[in-house]
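In case you want the letters, here they are:
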Amino acid sequence: FGEDASTSYGIQYHIQNLDSYALVTTADDVNFENATPYYGDGYYFEFGDDPEGIGYMEGRNVWRINITDLEENTEYIYKINNGNDTYSEVHHFKTAGGDSTTSFLFLTDIHYYEASDGSTASAARTAVKSSAAGSSGIIPIYACNMPLYN
């Protein structure tokens, strides 16, 4: 979302509460004293009819926030207000440099599974490792693997 990665950043997440927003500030403001609240749009989502069925997803609200008016080539931190005066862990991002080129690897429907021997595997992890092996400029973007905050 957003047209300029040097001045905007988009986040999307799942949450149980109806009232949520992101507090955003520069990475050096670790106590969020100068943070700006950003509000977005949300919608209710539930998948499947049988709570015991495969693929069932408990009802939740999906929020999408576009963070704008950022400085280029700057590190930021944000945390999600869970709607009950508690917050998520702190997340980090850095805006693009304005004149730099960035490549993206966009993944959807990420599969994560446990094998019969107890080991775990992820098709997404394998794809990211193999595509980024020769390039330090690839930024993986994971869709459908959004954090769920309570």
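My aim in this report is to walk through the structure given alongside it, one point at a time. As the structure is a prediction and not an experimental result, all values here were calculated from the model. Residue numbers restart at each chain and count upward from 1, following the sequence in its written direction. It should be noted that, the model being predicted, local features are given only for residues of pLDDT at least 70 and side-chain atom pairs only at 80 or more, the latter also being counted only at that level, while totals for whole chains, interfaces and linings use all residues. Calculation of side-chain values draws on the structure's entire complement of heavy atoms; hydrogens and water are dropped beforehand.

### Observations concerning the pairing of strand β6 (residues 75-81)
Here is the rule: When a residue's accessible area, from a 1.4 Å probe over protein chains only, is under 20% of the maximum for its type it is buried; when over 50% it is exposed; and in between it is partly exposed. For helices the rule is a DSSP run of H or I covering at least 4 residues; for strands it is a run of E covering at least 2, with both sets numbered from the N terminus onward. We treat two strands as partners when DSSP finds at least two bridges between them.
Burial analysis of β6 places 6 of its 7 residues in the buried class, which makes it a mostly covered element. Relative to β6, strand β2 (residues 21-26) runs antiparallel, the two being bridged by 6 bridges. Its bridge partner lying in β6, Tyr-21 is registered against Asn-81. As paired strands, β6 and strand β7 (residues 91-94) are joined by 4 bridges and run antiparallel to one another. Directly across from Ile-77, in β7, lies its bridge partner His-92.

### Side note on the side chain of Arg-60
Along the chain, Arg-60 falls in strand β5 (residues 57-67). Relative accessible area serves as the criterion here: at 9%, Arg-60 is assigned to the buried category.

### Points about the packing of aromatic side chains
Spelled out, the test is: Here a Phe, Tyr or Trp ring, Trp counted by its six-membered ring, pairs with any other such ring whose centre lies within 6.5 Å, and the pair is stacked when the planes are under 30 degrees apart, edge-to-face when over 60, and tilted otherwise. Whether a charge lies above a ring is judged from NZ of Lys or CZ of Arg, which has to be within 6 Å of the ring centre and within 35 degrees of the ring normal.
Scanning the model with the defined rule gives 5 aromatic pairs in all. A centroid spacing of 5.3 Å and a plane angle of 15° characterise the contact between Tyr-76 and Phe-93, whose relative ring orientation is stacked. Placement of Tyr-76 in strand β6 and of Phe-93 in strand β7 is noted, with a sequence separation of 17 residues between them. According to the relative accessible area criterion, Tyr-76 is buried, its value standing at 7%. Note on Tyr-78 and Phe-93: the rings are 6.0 Å apart at their centroids and 50° apart in plane angle, and the pair reads as tilted. You can see Tyr-78 sitting in strand β6 and its partner Phe-93 sitting in strand β7, a full 15 residues away along the chain. Accessibility classification places Tyr-78 together with Phe-93 in one group, the buried group. One aromatic cluster in this structure is built from Tyr-9, Tyr-76, Tyr-78 and Phe-93. Taking NZ or CZ as reference, Lys-79 lies 4.6 Å from the ring centre of Tyr-87, over its face.

### Structural notes on the side chain of Lys-79
Formally: Positive: Lys, Arg. Negative: Asp, Glu. His and the chain ends are not part of the count. Think of a salt bridge as a Lys or Arg side-chain nitrogen and an Asp or Glu carboxyl oxygen that are within 4 Å of each other. Whether two residues touch is decided by their heavy atoms; if any such pair falls within 4.5 Å, the residues are in contact.
Here Lys-79 lies in strand β6. Buried charge without a partner: Lys-79 forms no salt bridge, and the closest opposite charge is Asp-29, 9.4 Å away. Apart from residues no more than four positions distant in its own chain, Lys-79 is found in contact with Tyr-21, Ala-22, Leu-23, Phe-32, Tyr-87, Ser-88 and Glu-89.

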